[in-house]
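Reading the structure
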Amino acid sequence: MQSENFQLEILNLEHAQFRVDYYSSNKKHLEVWHPITPKGFYTLKYQENKVKENMSLMKDGSSMHFVMLNKSRTQMMGHCNYTKIKNKKCWLGYSISKDFEGKSLMHKALLLTNSYIFNNLDIIEIKAGILPNNERSIRLIERLDFKYVGEKDELEINGEIRTYDTYLLKNG
């Protein structure tokens, strides 16, 4: 899938080095929204293994992972992940490089990937868990017509247990 500013590709082993570079150069930007990274996370070996694990999950139909690359395919700009696929429902996760934040690129990427998920995987509901202080992400998800559903849950973010709010997008 392509836009005028980037291309989206389904995750494969060619993307492992892109992931090393992306996570290494965005460490401070992403760590406030992500779990503590495991030992070796910023190595090619770790990312190759993670890509293989995600490819296995895609093969069995329980997840779908997209990589957002610049047009010249020299830099990973972000990613969109659809996980816990079951009963025609899934969870969305995403991140974008600090260098590309605030340019509506993730909005465009999620329009494309949400459409792909609905049209190709027979998904009827996409949920997203957003931390209440992540105003940028809340604005993005609301622009995509996700609705706040009032459900709360917890997850570990940067070493702390944090409560997130659930948003829902239904197909159609």
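Residues numbered from 1 in each chain as written. Predicted model: local features only at pLDDT ≥ 70, side-chain atom pairs only at ≥ 80, totals over all residues. Heavy atoms only, no water.

**Concerning the overall build of the chain**
Basically, it comes down to this: The numbering of helices and of strands both runs from the N terminus, where a helix is a DSSP run of H or I of at least 4 residues and a strand a run of E of at least 2. Only protein chains enter the accessibility calculation, which uses a 1.4 Å probe; a residue is then buried when its area is under 20% of its type maximum, exposed when over 50%, and partly exposed in between. Note on definitions: a residue-residue contact is assigned when non-hydrogen atoms from the two residues lie within 4.5 Å. Values of accessible area rely on a 1.4 Å probe in the Shrake-Rupley scheme; residue burial ignores everything except the protein chains shown. Only four residue types enter the charge count: Lys and Arg as positive, Asp and Glu as negative, with His and the chain ends excluded. To locate a charge, take atom NZ for lysine, CZ for arginine, CG for aspartate or CD for glutamate.
In terms of helices and strands, the chain carries 5 helices and 7 strands. In the chain, the succession of α and β elements from N to C terminus is β-α-α-α-β-β-β-α-β-α-β-β. Seen along its three principal axes, the alpha-carbon backbone of the chain occupies a region of about 40 × 35 × 35 Å. Going through the 172 residues of the chain one by one, you find that 44% of them count as buried. Within the chain, contacts between residues separated by at least 24 positions form 64% of all contacts whose residues are at least 6 apart in sequence. Here the chain has roughly 9500 Å² of accessible surface; of this, 49% comes from carbon and sulfur atoms. Charged side chains of the chain number 25 positive and 21 negative; the gap between the two group centres comes to 2 Å.

**Details of the side chain of Ser63**
Heads up, the rule is: In the analysis that follows, any N or O atom pair within 3.5 Å is treated as a polar contact, provided that within protein one partner can donate a hydrogen and the other can accept it, and provided that, for residues neighboring in sequence, both atoms belong to side chains.
Tracing the sequence through the fold places Ser63 in the loop between helix H3 (44–59) and strand E2 (64–70). Ser63 gets classed as buried once you look at its relative accessible area, which sits at 4%. At 2.9 Å, the side chain of Ser63 and the side chain of His65 are in polar contact. Residue contacts for Ser63: discarding those within four places in its chain leaves Asn54, Leu57, Met58, Tyr82, Thr83 and Ile85.

**Section: helix H5 (residues 135–143)**
Helical geometry: 3.6 residues make up each α-helical turn, so side chains three or four residues apart lie on a common side. Defined as follows: In this description, one arc is meant: the one made by directions from the helix axis to the C-beta atoms.
Within H5, burial applies to Ser137, Ile138, Leu140 and Ile141. Buried residues of H5, viewed axially, fall in a sector of 160°; they line one side. A positive backbone phi angle near 75° is found at Asp145, which sits one or two residues after H5.

**Here we look at the nonpolar core**
When a protein is soluble and globular, its nonpolar side chains tend to lie buried together. Put simply, the rule reads: Joining through side-chain atoms within 4.5 Å is the link that ties buried Ala, Val, Leu, Ile, Met, Phe, Trp, Tyr and Cys residues into a set, and such a set is a nonpolar core.
Grouped together as the largest cluster of nonpolar side chains are 44 residues, with contacts concentrated most on Met68, Tyr82, Leu92, Met106, Leu110, Ile126 and Phe146. If you tally residues by element for this core, the top one is helix H4 (residues 105–120), at 7 residues. Apart from the residues lying within four places of it in its own chain, the contact partners of Tyr82 are Ser62, Ser63, Met64, Phe66, Cys90, Trp91, Leu92, Leu110, Thr113, Asn114, Ile117 and Ile126.

**Topic: the packing of aromatic side chains**
To keep it simple, the criterion reads: Only rings of Phe, Tyr and Trp enter the pairing, Trp through its six-membered ring, and a pair is recorded when the two centres are within 6.5 Å. The plane angle decides the type: under 30 degrees is stacked, over 60 is edge-to-face, the rest tilted.
Under the defined criterion, the tally for this structure stands at 8 aromatic pairs. Grouping aromatic residues by their ring pairs yields a cluster made of Tyr22, Tyr23, Phe41, Tyr42 and Tyr46.

**Focus: unusual backbone geometry**
One non-glycine residue, Arg73, adopts positive backbone phi at about 60°. In this structure, Arg73 sits in the loop between E2 and strand E3 (76–86). Residue Arg73 is classed as partly exposed on the basis of its relative accessible area of 31%.

**Description of the packing of helix H1 (residues 16–25) against H3**
We count it as follows: With axes taken as lines fitted to C-alpha atoms, and helix axes fitted only over the stretch in contact, angles between N-to-C directions fall between 0 and 180 degrees. When describing relative orientation, an angle under 35 degrees is termed roughly parallel and one over 145 degrees roughly antiparallel, while 65 to 115 degrees is termed roughly perpendicular and anything else oblique. Helix crossings fall into two classes, left-handed where the near helix is turned counterclockwise from the far one by less than a right angle and right-handed where it is turned clockwise. Lys, Arg, Asp and Glu make up the charged group, whereas Ala, Val, Leu, Ile, Met, Phe, Trp, Tyr, Cys and Pro make up the nonpolar group; the residues left over, Gly among them, are polar.
At their nearest, the axes of H1 and H3 sit 8 Å apart, and the two run at 120° to each other. Considered as vectors, H1 and H3 are oriented oblique to each other. Note that H1 runs across H3; the crossing there is right-handed. Between H1 and H3, the contacting residues are Ala16, Gln17, Arg19, Val20 and Tyr23 on the first element and Leu44, Gln47, Glu48, Lys50, Val51 and Asn54 on the second. Taken together, the residues of the contact of H1 with H3 break down into 5 nonpolar, 3 polar and 3 charged.

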